[in-house]
Amino acid sequence: MGPNFYPTDENQYYYLSQMRRNQDSHSGQSLLLQHHTQPMPHNNNNLSRPPYTSPYNPPSALPHTQLQNMTQNQRAVMTYFMKESLRAELHKHTTLSLQGTNPDDPISKTLPAFIHTYHSIWPLEPNKDTVSKVFNLPTTVYKTINGCDGLPCILRKINNFNLNTNTVQTIEKWKQFRHPGVVSFKEAFLSKQFENVNCLFFVYDYYPGAETLEQKYLDNEDNRLLPEDVLWTFIVQLCAALKAIHAQGLICQMILPSKIIETGKNRIKINCVGINDALNPDIPNHNPHEDLLHLGKLIIALACKSKNAVNNLSVSLERIGRTYSAHLKDLILALLGKNMTSPPTIDDIWKMLGSRLQVHIDCLFGYTDLLEAELSKELENGRLFRLLAKLGFINERPEYDTSASWSETGDHYQLKLFRDYTFHQVYEDGNPVIDFAHVVECLNKLDVGTDEKVLLTSRDEKSMLVVSYKDLKRSLNSAFNELLIKSKTVMYRYCLLYTSPSPRDS
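Residues numbered from 1 in each chain as written. Predicted model: local features only at pLDDT ≥ 70, side-chain atom pairs only at ≥ 80, totals over all residues. Heavy atoms only, no water.

S.K.: How should I be thinking about the sheet that holds strand β12 (residues 260-264) in this particular structure?
M.R.: Each strand in a sheet pairs with its neighbour through backbone hydrogen bonds, running either in the same direction (parallel) or in the opposite one (antiparallel). Pairing is antiparallel in the open sheet, where three strands are placed in the order β11-β12-β13. Strands at the two margins of the open sheet, each flanked by one partner only, are β11 (211-212) and β13 (267-270). The pairing of β12 with β13 spans four bridges and is classified as antiparallel. By the bridge assignment for β13, I260 is matched with I270. (Pairing = 2+ DSSP bridges. Helix = DSSP H or I, 4+ residues; strand = E, 2+ residues; numbered from the N terminus.)

Structural data, given as structure tokens:
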């Protein structure tokens, strides 16, 4: 899906335009940002520049309206940044992760400041200590922050419960289990910090904005049936998780619509693993086929969009046979143990997935490629941001006006002129040039430290300097290191503004 960028006025389109490179290596034109209704800019720093090849990947698919207005050598500004839809989704997750307690809210006054190593506790369920239909005990779910690593996580509280030796052994097995299709179980502990009642807490990873399959597909009023491809995506993910769980000698017992969460588009995870085992440690291990039986019932409920569909299997299976493929119906019958001489294992079900696995893997590879492409854009942007931060720290520091190296005759003065050359060019009529590509080009060359020379002029055009990017980079590092020594902020070297040395550096 292309970026969400649809201007209403065609005259407001801005493009990054890579001009045809001149054969003369001394007069080639660089990447320019052009407004097609504006005249070409008047460059006070008008030294010719050699041909330039963009280091970025080819642009992704753009809206049809933009493609009509773009020529062969043009590139949209937005292709330098993460897609708006992905950025908005990640921003939403970050906002939910950082959401905390409101001191003025009456609820926050009833919650302890700390439980074990966890703080910033906030309930995620409206009703406190609701009796769970799955666990048959009062439970409450909280979002909290782990004081050890600062990451958000989930606390699931169960009232009036004591640990025993068998419970601890079962919990240890689940603590060691990790799978991308299962919400990771971190630890369990006892605490009396809630109303001085002995409570058992289970800690899990937190996925902001996640919904259970029950909430998203079974409790709403949308009667549209799920596409079969979506159902197969869910089946493949759940079967992969069950295969890993059964291989460790564990039983899931959580293949339920209320205990499977969707963390992204068609991306699901099994939640609350280990709780049933901890609550009932003395009960012999369940048969692994029970997980497959529950998986079959879950698929029936999702395919029919009804939690009660499993109460009338014959009618539900007939409806699924009319709506979906015979392959899906056969898989459900196998999961339920119908028409089979012995209960199936997860390996038997895995073999039945066949070509559906290939489709799922292809989709995963495609999505991985998409995310890597988006990440590569932000990787370059982060590198250029560090350069901008360095320049921001260095330029316009009045406390060093009397210093020889920082004066208008000193080595660091050229960085001020370079800032004007990069950001403050104007057209012949005096209007500012907003040229993203010129900025990207200049910062890339500064980061590399090329031998190419550039003409820098003062704002009154009375001073002119011809300097190479290599010299500019050396001056930049020298000025910034001088600031670091004076500020004693050594952490900036490693945490914020580190840039790797260029092979051109001497």
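S.K.: What's the story with the environment of P432 in this structure? I'm lost.
M.R.: By the element assignment, P432 lies in the loop between α13 (413-423) and α14 (436-448). Judged by its relative accessible area of 56%, P432 falls in the exposed class. Ignoring anything within four residues of it in the chain, the contact list for P432 reads Q425, V426 and Y427. (Buried < 20%, exposed > 50% of the residue type's maximum accessible area, 1.4 Å probe, protein only. Contact = heavy atoms within 4.5 Å.)

S.K.: What exactly am I supposed to notice about the pairing of strand β15 (residues 464-468) here?
M.R.: Sheet analysis places strand β14 (residues 453-457) next to β15, joined by five bridges and oriented antiparallel. Across the sheet, V454 pairs through a bridge with V467, a residue of β15. Hairpin connection, β14 to β15: the antiparallel pair is bridged by six residues, and E461 has positive phi, about 60 degrees.

S.K.: Looking at this model, I keep getting lost on the packing of α13 against α14. Mind explaining?
M.R.: Geometrically, a packed helix pair is captured by the angle between its two axes and the distance between the axes. The geometry of α13 relative to α14 is characterised by a closest axis approach of 8 Å and an angle of 145 degrees between their N-to-C directions. Residue-level contacts link F418, Y421, T422 and F423 of α13 to H438, V439, C442 and L446 of α14. (Axes fitted to C-alpha atoms, helices over the stretch in contact; angles between N-to-C directions.)

S.K.: I'm lost on unusual backbone geometry in this one. Help?
M.R.: What you tend to see is this: most non-glycine residues have negative phi, and most peptide bonds are trans. The phi dihedral of Q253 is positive, around 65 degrees, even though this residue is not glycine. Here Q253 is to be found in the loop between α6 (228-247) and β12.

S.K.: Explain the environment of N266 here, please?
M.R.: Along the polypeptide, N266 turns up in the loop between β12 and β13. The spatial distance from the C-alpha of N266 to the C-alpha of T233 is 7.1 Å, given a sequence separation of 33 residues.

S.K.: So what exactly am I meant to see when it comes to the layout of surface pockets here?
M.R.: One way to see where empty space is left: roll a probe the size of a water molecule over the atoms. Taken as a whole, the largest pocket holds about 1500 Å³ of empty space. Going through the elements one at a time, α2 (84-98), α6, β12 and α12 (355-394) are the ones with two or more residues in the lining of the largest pocket. The dominant element in the lining of the largest pocket, judged by the number of residues it contributes, is α12, at 12 residues. Along the lines of polarity and charge, the residues of the lining of the largest pocket split into 20 nonpolar, 12 polar and 11 charged. Its volume calculated, the second largest pocket comes out at about 1300 Å³. In this structure, the second largest pocket is lined by 39 residues; those nearest its centre are T212, E214, Q215, S258 and K259. (1 Å grid on protein atoms, 1.4 Å probe; cavity = no way out; pocket = protein on both sides within 12 Å on 5 of 7 lines; lining within 4 Å. Points joined across faces, edges and corners; volume = space filled by probe spheres on them. Nonpolar A, V, L, I, M, F, W, Y, C, P; charged D, E, K, R; others polar.)

S.K.: In this structure, what is going on with the pattern of salt bridges? I would like to understand it.
M.R.: Note on pairing: side chains with opposite charge can pair once their charged atoms come close. According to the stated counting rule, one finds 19 salt bridges in the structure shown. Notably, a salt bridge pairs K307 with E214, separated by 3.5 Å at the nearest N-O pair. Placement of the pair is K307 in the loop between α8 (289-304) and α9 (313-323) and E214 in helix α5 (residues 213-218), with a sequence separation of 93 residues. By sharing partners, the salt bridges in this structure join E396, K416, R419, D420 and R459 into a single network. (Salt bridge = Lys/Arg side-chain N within 4 Å of Asp/Glu carboxyl O.)

S.K.: So what exactly am I meant to see when it comes to the packing of aromatic side chains here?
M.R.: A ring pair, where both rings are aromatic, is described by two values, the distance of the centres and the angle of the planes. Applying the stated criterion across every chain yields a total of nine aromatic pairs. Judged by centre distance (5.8 Å) and plane angle (80 degrees), the rings of W174 and F177 are edge-to-face. When its relative accessible area of 8% is taken as the criterion, F177 is described as buried. An aromatic cluster is present here, built from Y118, F189 and F201 joined pairwise through their rings. For the cation-ring pair, K143 lies above Y206, with the distance from its terminal atom to the ring centre recorded as 5.8 Å. (Phe/Tyr/Trp six-rings, centres within 6.5 Å; stacked < 30°, edge-to-face > 60°. Lys NZ or Arg CZ within 6 Å of the ring centre and 35° of its normal.)

S.K.: Is there a simple way to explain empty space enclosed by the protein in this structure?
M.R.: Across all of its chains, the model carries one cavity of 30 Å³ or more by this definition. Counted as a void, the largest cavity has a volume near 50 Å³. As for the largest cavity, its lining consists of L231, F234, I235, L238, L295, L298, I299 and L302. Listed by contribution, the elements that provide at least two residues to the lining of the largest cavity are α6 and α8. Class assignment of the residues belonging to the lining of the largest cavity gives a composition of eight nonpolar, no polar and no charged.

S.K.: Even after reading the chapter, I still don't get the side chain of K259, so can you show me in this structure?
M.R.: Structurally, the position occupied by K259 is in the loop between α6 and β12. Here K259 is buried and forms no salt bridge, its nearest opposite-charge partner E125 lying at an N-O distance of 7.0 Å. If we ignore the near neighbours within four places in the chain, the residues touching K259 are V134, F135, M254, K269, I270, N271 and C272. (Lys, Arg positive; Asp, Glu negative; His and termini not counted.)

S.K.: Whenever I open this one, α6 confuses me. Can you help?
M.R.: Helical geometry note: an α-helix holds 3.6 residues per turn, so side chains three or four residues apart project in the same direction. For α6, built from 20 residues, the straight-helix expectation of 28 Å at 1.5 Å per residue is met to within 8% by its first-to-last C-alpha distance of 28 Å. Where burial is concerned, most of α6 is hidden: 14 out of the 20 residues are buried. (Expected span 1.5 Å × (residues − 1).)

S.K.: When you look at a nonpolar patch on the surface in this model, what are you seeing that I'm missing?
M.R.: Taken together, the side chains of F81, I434 and F436 make up a nonpolar region of the molecular surface, amounting to roughly 290 Å² of accessible area. Within the secondary structure, I434 is located in the loop between α13 and α14. (Patch = residues over 30% accessible without salt bridge, like charges linked within 9 Å, V, L, I, M, F, W, Y side chains within 5 Å. Areas by Shrake-Rupley, 256 points an atom, 1.4 Å probe, with all protein chains shown as cover.)

S.K.: What am I meant to see in the packing of helix α10 (residues 326-335) against helix α11 (residues 346-353) here?
M.R.: Put simply, α10 and α11 touch, their axes get as near as 11 Å, and they point 175 degrees apart. With respect to each other, α10 and α11 are oriented roughly antiparallel. Mapping the contact onto sequence places H327, D330, L331, A334 and L335 in α10 and I349, M352 and L353 in α11. Within the contact of α10 with α11, the residues separate by chemical class into six nonpolar, one polar and one charged. (Parallel < 35°, antiparallel > 145°, perpendicular 65-115°, else oblique.)

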